[in-house]
Structure formats: C-alpha cells, structure tokens
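Structural description and commentary
Below, each chain spelled out in residue letters.
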Amino acid sequence: MKIVMIFDQIQSGLGTKDDTMVPLTGKKEAVGPAVMMQPFLKEIDGRVTACLCCGNGTYLADPDEVSRKLCAMVKKLQPDVVICGPAFNYPDYGEMCARVAADINATTDSRAFAAMAQENSDVISRYKDQVMIVKTPKKGGLGLNDSLKNICRVAAAMAADSGDLEKLKAEVCF
C-alpha cells in the first residue's frame, strides 16, 4: 500500500512555529511522524512513498491554491491513501489537514483522511461529516503510539475499502 503524508513546516522538520512561510515542497522519503509510524506501517504492509508539506502561513495566505497544488501532486503520485497530519493541537495545521483531505477525496482517485487532537474542535465540527478525522493527543500528550497505530489501521481499511472502515470510524474518529 502506497501512502502519501501531508505535513506543516514543524512536522516535516523544515521549520519552527515561527517559520510559517515555508513554500510547498515534497520529499520522496518518510520524515517526521512518518518515521515514527514505521513499525505500524510494517504491520499493514504500507510504506510512505512521499511527504508533502508547506508552512502554515503559506497555506493561510492562499488555501485554495495550496489545496489545488497538493491535489495535483497527489494525482501525480497516485497513492492508495493520503494521511493529512497528525496535526495534534495546532489549529492552522488542523484546518489545512481537514480541508486538503476533503479536497483530495473530491478531486482525485486517492482516499484521504485527517488526524488531530480534540483541541481543534472548531475544525473538527466543520469537517467531521466530510472527512474521517482520527483522534490524536495534543502535542506532547499521552497516547501517541496508540493514535499512530490507529492512523495506520484506518489507512489499511481505507485502501482495502473494507467493511471495517465504519467500525473503525466509530472507534477511533471524531
């Protein structure tokens, strides 16, 4: 199973919370949380083929254009699943994850979902009926390994288009 992940500047390792204008870019390797997910990805026979990222400020300056470009990149890469996040409790990144996942589902043949913490309640309430959003702890919170495993479980079920998806949604999503 081919997986693409979408990160902000912090999760991709390209900047800090103050480096918000990192341009849209990508790497054909696992970075950030994708590296931490490797043991769980092996369990589902998944591999991260690319990580796409941009700064929060870059996204906020033109969300329509950034989302359009990310969707075009996903179309070119043709992954089975796109994981947007985990955004933890970062509100701007959470907004980007949910919006981009919804747009990927609407405009590409790939399936996408988001992952974030309950602290992003405004984003969750606006998008939870449009896109699956896997629960994660806030940054530094307890339960990160469990949420990373759940993210991988959802990715596997989504790629297989299995009946487990609705059960998983009720169990691990908002």
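Below is a summary of the structure that appears in this document. All residue numbers refer to position in the chain's written sequence, counted from 1. Local features in a predicted model are, by the rule used here, given only for residues with pLDDT of at least 70; side-chain atom pairs are given and counted only at 80 or more, and totals for whole chains, interfaces and linings are based on all residues. Derived side-chain values reflect all non-hydrogen atoms in the structure, with water molecules and hydrogen atoms excluded from consideration.

Concerning the side chain of Glu95
Every helix listed is a DSSP run of H or I at least four residues long, and every strand listed is a run of E at least two residues long, numbered separately from the N terminus. Locating Glu95 in the fold gives a position in helix 5 (residues 91-107). Each residue is assigned to one of three classes by its accessible area relative to the maximum for its type, calculated with a 1.4 Å probe on protein chains only: buried under 20%, partly exposed between the two thresholds, exposed over 50%. Classification of Glu95 as buried rests on a relative accessible area of 16%. Working rule for contacts: check all heavy atoms of both residues, and any pair within 4.5 Å makes them a contact. Once residues within four sequence positions are removed from consideration, Glu95 is found in contact with Tyr59, Val123, Arg126 and Tyr127.

Section: the packing of aromatic side chains
Note on ring pairs: Phe, Tyr and Trp rings are taken, using the six-membered ring of Trp, and paired if centres are within 6.5 Å. Classes follow the plane angle, with under 30 degrees stacked, over 60 edge-to-face and the rest tilted. In this structure the tally under the stated criterion is zero aromatic pairs. Two thresholds decide whether a charge sits over a ring: the Lys NZ or Arg CZ must be within 6 Å of the ring centre and within 35 degrees of the ring normal. For Lys139, the ring lying beneath its charged end belongs to Phe88, and the centroid distance is 5.0 Å.

Describing helix 7 (residues 144-160)
Given the number of residues in a helix, its expected span is that number minus one, multiplied by 1.5 Å. Look at helix 7: 24 Å from first C-alpha to last across 17 residues, which is about the 24 Å you get at 1.5 Å a residue. Ser147, Leu148, Asn150, Ile151, Cys152, Val154, Ala155, Ala157 and Met158 are the residues of helix 7 that are buried.

As for the side chain of Ser147
Relative to the elements of secondary structure, Ser147 occurs in helix 7. In contact with Ser147, not counting residues within four places along its chain, are Val134, Lys135, Thr136 and Pro137.

Brief notes about helix 4 (residues 63-77)
An α-helix turns once every 3.6 residues. As a result, residues three or four positions apart point the same way. If you check helix 4, its first and last C-alpha atoms are 21 Å apart, about what 15 residues at 1.5 Å a residue would give, namely 21 Å. Residues of helix 4 that are buried include every one of Val66, Ser67, Leu70, Cys71 and Val74, and no others. Viewed end-on, helix 4 has its buried residues packed into an arc of 135°, placing them on one side of the element. Looking at helix 4, the residues exposed on the side facing more than 90 degrees away from the buried face are Asp64 and Lys76. Backbone geometry just after helix 4 places Gln78 at a positive phi near 50°. Along the arc lie the directions from the helix axis toward the C-beta atoms.

Overview of the environment of Pro23
Within the fold, Pro23 resides in the loop between strand 1 (2-7) and strand 2 (25-27). A relative accessible area of 55% places Pro23 in the exposed class. Along the sequence, Pro23 and Gly57 sit 34 residues apart, while their C-alpha atoms lie 9.2 Å from each other. Contact partners of Pro23, with chain neighbours within four places excluded, come to Cys53, Cys54 and Thr58.

What about the pairing of strand 6 (residues 133-136)?
Strands pair, by our definition, only if DSSP identifies at least two bridges between them. With four bridges joining them, strand 5 (residues 111-117) and strand 6 adopt parallel strand pairing. Across the sheet, the residue bridging to Met116 is Lys135, located in strand 6. Seen with the strands pointing away from the viewer, any crossover whose path from the first strand over the helix to the second strand runs clockwise is right-handed. After leaving strand 5, the chain enters helix 6 (residues 121-127) and then returns to the sheet as strand 6, a path that is right-handed.

What about the packing of helix 4 against helix 5?
As a rule, the C-alpha atoms of each element are fitted with a line to give its axis, helices using only the stretch in contact, and angles between N-to-C directions run from 0 to 180 degrees. Here helix 4 crosses helix 5 at 50°, and the two axes come no closer than 9 Å. Overall, the two elements helix 4 and helix 5 adopt an arrangement that is oblique. Here the hand of the crossing between helix 4 and helix 5 comes out right-handed. In this structure, helix 4 uses Pro63, Asp64, Ser67, Leu70, Cys71, Val74 and Lys75 to contact helix 5, whose residues at the interface are Arg99, Val100, Asp103, Ile104 and Thr107. Residues belonging to the contact of helix 4 with helix 5 are distributed by class as follows: six nonpolar, two polar and four charged. Each angle receives one of four descriptions, namely roughly parallel if under 35 degrees, roughly antiparallel if over 145, roughly perpendicular if within 65 to 115, and oblique otherwise. We call a crossing left-handed when the near helix sits turned anticlockwise from the far one by less than a right angle, and right-handed when that turn is clockwise. Gly counts as polar in this scheme, as do all residues outside two lists: the nonpolar Ala, Val, Leu, Ile, Met, Phe, Trp, Tyr, Cys and Pro, and the charged Asp, Glu, Lys and Arg.

Some thoughts on the pattern of salt bridges
A pair is scored as a salt bridge if a Lys or Arg side-chain nitrogen falls within 4 Å of a carboxyl oxygen belonging to Asp or Glu. Taken as a whole, this structure holds eight salt bridges when the rule is applied. When the shortest N-O distance is used, the salt bridge between Arg68 and Glu65 registers 2.7 Å. A residue pair is termed a helical-turn pair when its members lie 3 or 4 positions apart in one helix, as Arg68 and Glu65 do in helix 4 at three residues. Judged by relative accessible area, Arg68 falls into the partly exposed class, the value being 48%.

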